[in-house]
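Residues per chain, in single letters:
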Amino acid sequence: MTSIKEQAAISRLLSFLQDWDNAGRGARSHILNNFIENNQGKTAPELEQEFSQGASLFLVRLTTWLRLSYMTGSCLDKLLKSIGVFLSAVSSNRYLIEFLEVGGVLTLLEILALEKIKEEDKKESIKLLQVIANSGRKYKELICESYGVRSIAEFLAKSKSEETQEEVQVLLDSLVHGNPKYQNQVYKGLIALLPCASPKAQQLSLQTLRTAQSIVGTTHPSIVDCVLKVLRTMHLEVQYEAIELIKDLVNYDVCPALLKGLVALLITSFSETSKLQPKIVNESPVLQLTAHLPLFLQQAAAAKAIRILARRNTSLAEEMLHLRVVHSLMAAMGNTDHSNSQRQASLTLEYFVQLFPVVEEHVRKSMGEELYKLFLSNAEDLYMKMDSIQADILAANKVNVAKALYLSGLSNSNMSFYFGPRNQDPVAYITHFQNEDVEGKE
């Protein structure tokens, strides 16, 4: 037989549940406030003691009301926080299973996609998904199997709250750890986020991608193009994270494509923007510059990234010589429409001149003594001191250090990086340079 004390506790529980069942929206909101205030941080045994071993009876009422009312957003933040009291309690595995059995994960993911629901409510949904993901591998897999990565990534791209976006990053980071079955799915989802319009989402995706890349090990072919396009950003914090990821990616098989892409960005191509410009843009120089600004920003960032890579690894600097990086840097220095491109390219060229005597020889010859002295005296401020003729000389330079290196037999060990195996036909290789010269003259 139950004791009088136990009977009183059961009576209180039944009375509490009856009050909940009969309460309207306002009364339920008050009940939830009291529950959160009195039970936040309690363990599962403590919750059972509070509810006379019937805590699950209240949890099932919360999950039922969530499923019935989440589309309207009624008391959603308090409801999610109350469920969080159960799920985050120590030894709460039983509560977690009960929540998942009634489709809790799908409900939380659907909340993220609803436009009418407040940002704060969606943040609480993300926090519950964090609790679920941190409970173990099988729960991470359940989120991913419910198309969770796509829903979470889309929410990160659309969210207007930086605080909420940071919570989403924590969730994605959790999903990529200890989840071998779906870690590639998370990795690809992060790459898909890079072109989004939110600078904060780009920054957080790049940060998480560095972690994901080290876990996945292999690279996805699209990552090079996506990361290079991020360099068009006006936000320095995004550019910084992109360059940090580039520093990691040169250690993978995409290194040749990455270096080739960076060097190619030094010579701007306006074909992409010109197709999208209305006629009025073609008539206004100011509007033309505005339309071309992303490409100029990308050019300056590429020059900066090349300098950082070259300083970190001399062999990368040597490999870029074979990609005609010196010619491209000098061309960027001649871009009078964007001073930062000139400045970054000049600083990078200065390092190559200091590192390789053959570069110093070709740059001096191409610039001429007067311009070269200005360059040596202060490479960073060169763009402010040179005239339009000198800028044209830089923009139209024909420097070809790669050809000189090959013909002199220097750095032959790295020739296979860009031009194929070392047993390649030398005659065909020299013909390649001769054809380049003819095309340049034309």
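About the criteria used
- Residues numbered from 1 in each chain as written.
- Predicted model: local features only at pLDDT ≥ 70, side-chain atom pairs only at ≥ 80, totals over all residues.
- Heavy atoms only, no water.
- Phe/Tyr/Trp six-rings, centres within 6.5 Å; stacked < 30°, edge-to-face > 60°.
- Buried < 20%, exposed > 50% of the residue type's maximum accessible area, 1.4 Å probe, protein only.
- Helix = DSSP H or I, 4+ residues; strand = E, 2+ residues; numbered from the N terminus.
- Lys NZ or Arg CZ within 6 Å of the ring centre and 35° of its normal.
- Contact = heavy atoms within 4.5 Å.
- Salt bridge = Lys/Arg side-chain N within 4 Å of Asp/Glu carboxyl O.

- Under the annotation held in an unreviewed UniProt entry, the protein carries the name Armadillo like helical domain containing 1 and is attributed to Catagonus wagneri.

**Some thoughts on the packing of aromatic side chains**
- Summed over all chains, the structure comprises 13 aromatic pairs.
- Considering the side-chain rings of Phe51 and Phe58, the 5.6 Å spacing of their centres and the 20 degrees angle between planes classify their relative orientation as stacked. When sorted by exposure, Phe51 lands in the same class as Phe58, which is buried.
- Geometrically, the ring pair formed by Phe58 and Phe86 is tilted, given 6.4 Å between the ring centres and 55 degrees between the ring planes. Taken together, the residues span a long stretch of sequence, with Phe58 in helix α4 (residues 55–69) and Phe86 in helix α5 (residues 76–87) at a distance of 28 residues.
- Judged by its relative accessible area of 0%, Phe58 is buried.
- The positively charged end of Arg28 is found above the aromatic ring belonging to Trp65, 5.1 Å away from the centroid.

**So, helix α12 (residues 183–193)**
- Every buried residue of α12 is accounted for by Gln183, Val186, Tyr187, Gly189, Leu190, Ile191 and Leu193.
- Contact partners of the buried residues in α12: α10 (148–158), α11 (162–176), α13 (199–216) and α14 (223–230).

**Some remarks on the environment of Asp225**
- Residue placement: Asp225 occurs in helix α14.
- Taking the C-alpha atoms as reference, Asp225 lies 8.0 Å from Gly261; in sequence the two are 36 residues apart.

**Re the pattern of salt bridges**
- All told, the structure shown has 16 salt bridges when counted by the stated rule.
- The salt bridge involving Asp21 is made with Arg61; its shortest N-O contact spans 3.0 Å. One end of the pair, Asp21, is in helix α1 (residues 4–22); the other, Arg61, is in helix α4, and 40 residues separate them in sequence.
- Judged by its relative accessible area of 23%, Arg61 falls in the partly exposed class.
- Arg94 is paired through a salt bridge with Glu48; the nearest N and O atoms lie 3.6 Å apart. Here the residue Arg94 occupies a position in helix α6 (residues 93–101), and Glu48 occupies one in helix α3 (residues 44–50), the gap between them amounting to 46 residues.
- Through salt bridges that share partners, Arg210, Glu244, Lys247 and Asp248 make up one connected network.

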